[in-house]
Amino acid sequence: MVNKMMFVLLKQLVKKPATNPFPVKHAPANVTALIEEVQKGEAQINPPVPVPEGFRGKLVYDPERCIGCRLCIMVCPADAMEWIPELKKIRHYVSRCMFCALCVDVCPGKKFPGEEKAVKALRMSEEFLIADYDKYSDNLIEEPPEAREPPKEEVKEAAESAGQ
Ligand code: SF4
Ligand code: SF4
């Protein structure tokens, strides 16, 4: 029995590893060093394992297709949607989302002239590399562009030109 086990183990030792070396096979001690190595062409990024069909990744919102029905807000079990009354549109917090796609199912979307049927304003993308230092970063909030506060630099420039 022991001999049989040893044989199986030795057989595994000479086999190719079944792991996917993502993002690189031999990662350096820190991310900055890794980025530098990739930029210099000394390291190559291995792609992650492909996602299956129907994968539920980061939610994407198209405000042009949104009719402001608020159904997504009503069905969301994670309270990840916020109503923007002045725009009659929604804001989505990716950091609260649990990727259930209930909001996508319920979204009626909008039909533009010349189109055969309405297209949903919400869809699940294939994006899953969404780690961030700030849960309120631009990368983790989906909202109409006009709902975004102007970047701090723009505010500073406007204040400076107003003072001239
Ligand atoms: S995917 Fe689910 S949790 Fe995320 S916003 Fe839609 S309904 Fe809410
Ligand atoms: S995103 Fe869809 S479900 Fe949500 S308010 Fe807009 S149209 Fe309605």
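What you see is a predicted model, and the numbers here were worked out from it, not measured in a lab. (Residues numbered from 1 in each chain as written. Chains lettered and ligands numbered in written order. Predicted model: local features only at pLDDT ≥ 70, side-chain atom pairs only at ≥ 80, totals over all residues. Heavy atoms only, no water.)

Asker: Can you lay out helix α1 (residues 2-13) for me, pointing to particular residues and giving the numbers?
Answerer: Taking 1.5 Å of rise per residue, twelve residues should cover 16 Å, and α1 covers 17 Å from first to last C-alpha, within 8% of that figure. With respect to burial, α1 is a largely exposed element, only zero of its twelve residues being buried. (Helix = DSSP H or I, 4+ residues; strand = E, 2+ residues; numbered from the N terminus. Expected span 1.5 Å × (residues − 1). Buried < 20%, exposed > 50% of the residue type's maximum accessible area, 1.4 Å probe, protein only.)

Asker: Lay out the site of ligand 2 with the relevant residues and their values.
Answerer: The environment of ligand 2 is formed by Tyr61, Cys66, Ile67, Gly68, Cys69, Arg70, Cys72, Cys107, Pro108, Ala121 and Leu122. Across the shell around ligand 2, the residue classes break down as nine nonpolar, one polar and one charged. (Near = heavy atom within 4 Å. Nonpolar A, V, L, I, M, F, W, Y, C, P; charged D, E, K, R; others polar.)

Asker: Account for the site of ligand 1, with residues named and values stated.
Answerer: Neighbouring ligand 1 are the residues Cys76, Pro77, Ala78, Ala80, Met81, His92, Cys97, Met98, Phe99, Cys100, Ala101 and Cys103. The residue inventory of the shell around ligand 1, partitioned by class, reads eleven nonpolar, one polar and no charged.

Asker: Got a sec to walk through the packing of aromatic side chains? Specific residues and values, please.
Answerer: The final tally for this structure, using the stated rule, is two aromatic pairs. Relative to Phe128, the ring of Phe55 lies with its centre 6.0 Å away and its plane at 75°, an arrangement referred to as edge-to-face. Residue Phe55 is found in the loop between α2 (31-39) and β1 (59-61), and its partner Phe128 is found in the loop between β4 (122-124) and β5 (141-142); the two are separated by 73 residues along the sequence. Each ring, one from Tyr93 and one from Tyr136, has its centre 6.0 Å from the other, and the planes form 85°; the classification is edge-to-face. On the criterion of sequence distance, the pair formed by Tyr93 in strand β3 (residues 89-93) and Tyr136 in the loop between β4 and β5 is long-range, its members being 43 residues apart. Owing to a relative accessible area of 44%, Tyr136 belongs among the partly exposed residues under this scheme. Sitting over the face of the ring of Tyr93, Arg96 holds its NZ or CZ atom 4.5 Å from the ring centroid. (Phe/Tyr/Trp six-rings, centres within 6.5 Å; stacked < 30°, edge-to-face > 60°. Lys NZ or Arg CZ within 6 Å of the ring centre and 35° of its normal.)

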